[in-house]
2 protein chains.
Amino acid sequence: MPQKVVIVGAGPVGSLAALYAAVRGHEVEIYELRSDLRSPEITQNISQSINLALSERGIHSLRQTGLPDLADAVLKETFPMHGRMIHVRKQGKYVRQSQAYDARGRSLLAMDRTGLNQTLLDHLDAMQNVRFFFHRKLVSVDFRQRLAWFENRTKNDPAKSDDIEVPFDLMIGADGAHSAVRYHLMKFVPMSYQQEYIDKLWCQFHVPPTADGDYRIPPNYLHIWPQDDAMFIALPNLDKSFTSTLFLPRSGFEHLVASGKVVEYFDEKFPGVVPDLITDEQLRKQFNEHDHLPLISIKCSPYHYGSTGVIIGDAAHAMVPFYGQGMNAGLEDVRVLFEFLDRYPNDQAKALTEYSKQRTPDAQTINDLALGNYREMASDVKKPLYLLRKWLEEKLYLYIPNAGWATQYSRVTFSNMRYSEVQDAASRQARILNGVVCVVALSFIGSAFWLTRTGGVQQAKKGLLRSICLVAQQAQKLTQG
Amino acid sequence: MPQKVVIVGAGPVGSLAALYAAVRGHEVEIYELRSDLRSPEITQNISQSINLALSERGIHSLRQTGLPDLADAVLKETFPMHGRMIHVRKQGKYVRQSQAYDARGRSLLAMDRTGLNQTLLDHLDAMQNVRFFFHRKLVSVDFRQRLAWFENRTKNDPAKSDDIEVPFDLMIGADGAHSAVRYHLMKFVPMSYQQEYIDKLWCQFHVPPTADGDYRIPPNYLHIWPQDDAMFIALPNLDKSFTSTLFLPRSGFEHLVASGKVVEYFDEKFPGVVPDLITDEQLRKQFNEHDHLPLISIKCSPYHYGSTGVIIGDAAHAMVPFYGQGMNAGLEDVRVLFEFLDRYPNDQAKALTEYSKQRTPDAQTINDLALGNYREMASDVKKPLYLLRKWLEEKLYLYIPNAGWATQYSRVTFSNMRYSEVQDAASRQARILNGVVCVVALSFIGSAFWLTRTGGVQQAKKGLLRSICLVAQQAQKLTQG
């Protein structure tokens, strides 16, 4: 039965939700506080977003709309990153090391948030049953009476703005970390809610193409300068530029602002950035002019009230950007939400309840993983032990695929397995891996012994690997049984 | 230097803050969403509050205003509770047991929230530099420009309400758990924030005096019917009635609503309530008519922005009611806040920063203690081991006062020691007490031996106690040194 679906927030998650609703024949209205980002005066100005890494969950959710060309239109504007490239100094020398994301060669896709958003809005424009309202601020909601009030901010005199009353059957709040829908939802449902600002601020930098119009560093990587407390990263854009981000504790930013020594700081910490990627003048200018922004992490539960209201995306679970999953999780919210709405067509309250119940542990898991992944990106990637473990995990992944072995990273990034199940599987595998590491030690001794007797180094390596895989396979069968 | 101080919320905490500010000569304005609770149409209707237990921190904060008669005017309307009275069934028989709150005879003071509030408002009325604005809803705040906007809700047509703009030097938010000041403060300061609804709802009941106008049960107690998952309590009022509260998990309320068997439930769980305190008809009626309300627990940090905004009371740290400290902590906030403002008269930003820094761990401690104290009230009070420990702690308290020994309960309730220091001291004492318990066991054996030889029971008991105290004193000296 067609319903009036009101969506608050015309970002990528809200827009995708509008598409899912529109495809099902509902009457859809989208309310957005800001201007249409496709309007000419806006397009120049959009920069306050960390670049996105689109991965399987996001792509899958785009495909599941049922619109045949949507995912392809989005994918056309992405740029593949096969792995990380780590930039460090070792014994005083500047070294770059690449680390593939996936033993089977799959990539992350760098993309521009605005581009994705535009593609989604363009597809919405083509639908008869969708209407946009920009410059509308949500003032109040009554989820029992199914009425919302929006302030019209297009008027010149803000004091004289008049509120409009909007009836709805279902309100979907996709209005970001500082969600107004969530704020009003809390008045109707006892919601557990937690927000935390981590002690990192971020500042964005633009790295232009070279004079001949080429990338300044190898483009098919997510570049990382890991410095433990601080981190600098760069993601490629289609126009041969990079978008870079500096992460630093608040005190670090304050120190750099006070001392003015940002170039000196970069010289010391981030080799190869100044002047190869950005001139000292540009670095100083952008550091001073661009915002130094906080990072918030939000958990809450439940996400819905009755049959009439639900929050998705950052409104429900804003996360720090270190796993590259914020947007992907938001797009996946839309797919999962509409799966439940489709499953209970005559009981929307049940659909929303089940959605909250299933999605809460998943969102909280990826939220925690994202917090934990800062350490991996900014510290662990430099460490030999991390690299050894990564190598071992990837080998196991390649050699025993049928037993369902995969790294946590690969399950998060390249599969649609529920986040909470990813974590369960990862814990199980970690136990096995610890066992394996013991066996490796033993095998090493055995192999070394065998090697000295036969002289066949290649065969020794193969034998070693084979024995590791056999043990891991056995261990996994045991823990599954 | 006199300032314009705007206080949001005219409850007890906001009113006391207004008094502290007014006494210092500031220009004070109080904005309150609701009506003046002294207006005739309101007075009939106020019941949605758990009765208060006023204790040392609250009284001390009232005294520190500098208004000589304020504390006495409040104390006149209180009723002392010397201890708990526990109502249980033992081997099928209804038993009452009293447990004193304090080994030195100090009492909690039962009082009516509205009465306290009225007394404070009356004192504010007498000040020249205080102005009240009721029916004003905080719409927006700019803590940088020091401007607030309030909606005037006294008009008949809510659509035509016009906002008023209010400048201020300092805004104090005392607007409760669902604080609008906190909501706007969050837009100016990166605030860690956590709210949690515990799985208990509460419902209030009125227990009238007897036909001869007397109390139905001994009045000088906080009465508890502890049933682990459920709890019923009763606090005396000056008019010889009691205010009772039922605490029960949400599912329990739902079950009683669905089955209608609330009288049967009380008969089974809470002996002596129906019909001695309340008739079955009244119990059913009040259970159906009174709200079943949730309990929220809130932590956040920091409490302030720059030199212009600060939140206090429930707005900063709403807690569950099981330690009887919510209001007392809120009143103490006022005293501590103004101590810092007095200490740094020329640097208000510093004063607010120091206030946040000192008060955050204290508020979070009492918040946690309150959550933990449900178990003590609803379960532990029935258990012999709890009573033994309580007895031992109180004896130590009486016999070694100079060494600064006191129970956690007595420090929270009868002192002004910082909550966080109470907890530190309590952990230290717990370690000692565990040692003492070992020594008690040994002493028992020794005493029993001595007893059999001399036949002096009284002397044996004294000797036992003396040796316990000696050991405890030694242990405490050791851990302090």
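This structure is a prediction, so every number in the text was calculated from the model and none was measured.

Caption draft 1: Inspection of the overall build of chain A at higher detail. Along its length, chain A carries 16 helices and 19 strands. Here the analysis covers contacts within chain A between residues at least 6 apart in sequence; of these, 71% occur between residues at least 24 apart.

Caption draft 2: Representation of the interface of chain A and chain B within the structure. Every contact between the two is made by 11 residues of chain A and, on the other side, 11 residues of chain B. A combined buried area of about 1,100 Å² lies between chain A and chain B, and 51% of that area is made up of carbon and sulfur atoms. In this assembly, chain A and chain B are joined by zero salt bridges. Our count for the contact surface shared by chain A and chain B stands at four residue pairs in polar contact (both at pLDDT 80 or more). Per-element accounting of the side of chain A that touches chain B gives the leading share, six residues, to strand E13 (residues 192–207) of chain A. Of the residues in the side of chain A that touches chain B, the class split is six nonpolar, three polar and two charged.

Caption draft 3: Broad picture of the state of the cysteines. According to the stated counting rule, one finds zero disulfides over all chains in the structure shown. Between Cys300 of chain A, a free cysteine, and Cys300 of chain B, which holds the nearest cysteine sulfur, the sulfur-to-sulfur gap is 17 Å. Residue class for Cys300 of chain A comes out buried when judged on its relative accessible area of 1%.

Caption draft 4: Examining a nonpolar patch on the surface more closely. Where nonpolar side chains cluster on the molecular surface, the patch consists of Leu385, Leu388 and Trp391 of chain A and spans about 350 Å² of accessible area. Structurally, Leu388 of chain A can be placed in helix H13 (residues 384–399).

Caption draft 5: Broad picture of the domain arrangement of chain A. All names here are of chain A. Per the domain assignment, the segments making up chain A are domain 1 (4–77 + 112–191 + 302–374), domain 2 (196–294) and domain 3 (383–480). Counting residues at the interface gives 17 residues for domain 1 and 14 residues for domain 3. Here domain 1 and domain 3 share an interface that buries about 1,400 Å² over both sides, 49% of which is from carbon and sulfur atoms. Contact with domain 3 buries surface across domain 1, with Arg57, Tyr323 and Asp362 losing the most and accounting together for 41% of the total. Joining domain 1 to domain 3, the criterion identifies one salt bridge. As a salt-bridge pair, Asp362 and Arg418 come within 2.7 Å of each other at their nearest N and O atoms.

Caption draft 6: Fine view of the sheet that holds strand E10 (residues 147–152) of chain B. All names here are of chain B. The strand order across the open sheet built from three strands is E9-E10-E11, with neighbouring strands paired in antiparallel fashion. Of all the strands in the sheet, just strand E9 (136–142) and strand E11 (163–167) have a single pairing partner and so form its edges. On average, adjacent strands in this sheet sit at an angle of 25° to one another, irrespective of strand direction. Across six bridges, E9 lies against E10 in antiparallel orientation. Bridging from a neighbouring strand, Asp142 pairs with Leu147 of E10.

Caption draft 7: Main features of the relation of the copies chain A and chain B. The two copies are related by a screw motion: chain A maps onto chain B through a turn of 180° and a shift of 0.2 Å along the axis, at an RMSD of 0.1 Å. Interpreted geometrically, this transformation is the action of a two-fold axis. Considering only C-alpha atoms, the part of chain A nearest the rotation axis is Gln194 of chain A, at 2.1 Å.

Caption draft 8: The arrangement of H13 of chain A in detail. Between its first and last C-alpha atoms H13 of chain A spans 22 Å; for 16 residues at 1.5 Å apiece the expected length is 22 Å, and the two agree. Turning to H13 of chain A, its buried residues number three or more, namely Tyr386, Lys390, Leu392, Glu393, Glu394, Leu396 and Tyr397 of chain A.

Caption draft 9: Inspection of the packing of helix H11 (residues 326–343) of chain A against helix H12 (residues 348–378) of chain A at higher detail. Residue and element names in this part refer to chain A. Two elements in contact, H11 and H12, have axes separated by 8 Å at closest approach and are oriented at 140°. By the angle class used here, H11 and H12 are oblique. In this structure, H11 meets H12 at a crossing whose hand is right-handed. From H11, Ala329, Glu332, Asp333, Val336, Leu337, Phe340 and Leu341 reach across to H12, where they touch Gln348, Ala351, Leu352, Glu354, Tyr355, Gln358 and Arg359. For the contact of H11 with H12, the residue count by class is eight nonpolar, two polar and four charged.

Caption draft 10: Looking closely at the environment of Ile278 of chain A. Residue and element names in this part refer to chain A. Residue placement: Ile278 occurs in the loop between helix H8 (262–269) and helix H9 (280–289). On the basis of relative accessibility, which here comes to 4%, the residue Ile278 falls in the buried class. Residues Ile278 and Arg216, 62 residues apart in the sequence, show an inter-C-alpha distance of 9.6 Å. Beyond its immediate sequence surroundings of up to four residues, Ile278 is in contact with Phe205, His206, Val273, Leu283 and Gln286.

Caption draft 11: Local environment of the side chain of Thr245 of chain A. All names here are of chain A. Along the chain, Thr245 falls in strand E16 (residues 242–248). Note on Thr245: relative accessible area 2%, which makes it buried. If near-sequence neighbours (up to four positions away) are discounted, Thr245 is found in contact with Trp202, Cys203, Gln204, Met231, Phe232 and Ile233.

Caption draft 12: Quick look at unusual backbone geometry. Residues and elements named next belong to chain A. Cis geometry is adopted by the peptide bond preceding Pro275, which originates at Val274 and carries an omega value of 5°. Within the secondary structure, Pro275 is located in the loop between H8 and H9. Although it is not a glycine, Lys240 sits at a positive phi angle of roughly 75°. Among the structural elements, Lys240 can be located in the loop between strand E15 (230–236) and E16.

Calculation rules
- Residues numbered from 1 in each chain as written.
- Chains lettered and ligands numbered in written order.
- Predicted model: local features only at pLDDT ≥ 70, side-chain atom pairs only at ≥ 80, totals over all residues.
- Heavy atoms only, no water.
- Helix = DSSP H or I, 4+ residues; strand = E, 2+ residues; numbered from the N terminus.
- Contact = heavy atoms within 4.5 Å.
- Buried area = accessible area lost by both parts, 1.4 Å probe.
- Salt bridge = Lys/Arg side-chain N within 4 Å of Asp/Glu carboxyl O.
- Polar contact = N/O pair within 3.5 Å; in protein donor to acceptor, adjacent residues only side chain to side chain.
- Nonpolar A, V, L, I, M, F, W, Y, C, P; charged D, E, K, R; others polar.
- Disulfide = S-S within 2.5 Å.
- Buried < 20%, exposed > 50% of the residue type's maximum accessible area, 1.4 Å probe, protein only.
- Patch = residues over 30% accessible without salt bridge, like charges linked within 9 Å, V, L, I, M, F, W, Y side chains within 5 Å.
- Areas by Shrake-Rupley, 256 points an atom, 1.4 Å probe, with all protein chains shown as cover.
- Domains from an automatic or database assignment.
- Pairing = 2+ DSSP bridges.
- Axes fitted to C-alpha atoms, helices over the stretch in contact; angles between N-to-C directions.
- Least-squares fit on C-alpha atoms with pLDDT ≥ 70 in both.
- Expected span 1.5 Å × (residues − 1).
- Parallel < 35°, antiparallel > 145°, perpendicular 65-115°, else oblique.
- Left-handed = near helix turned anticlockwise from the far one by under 90°.

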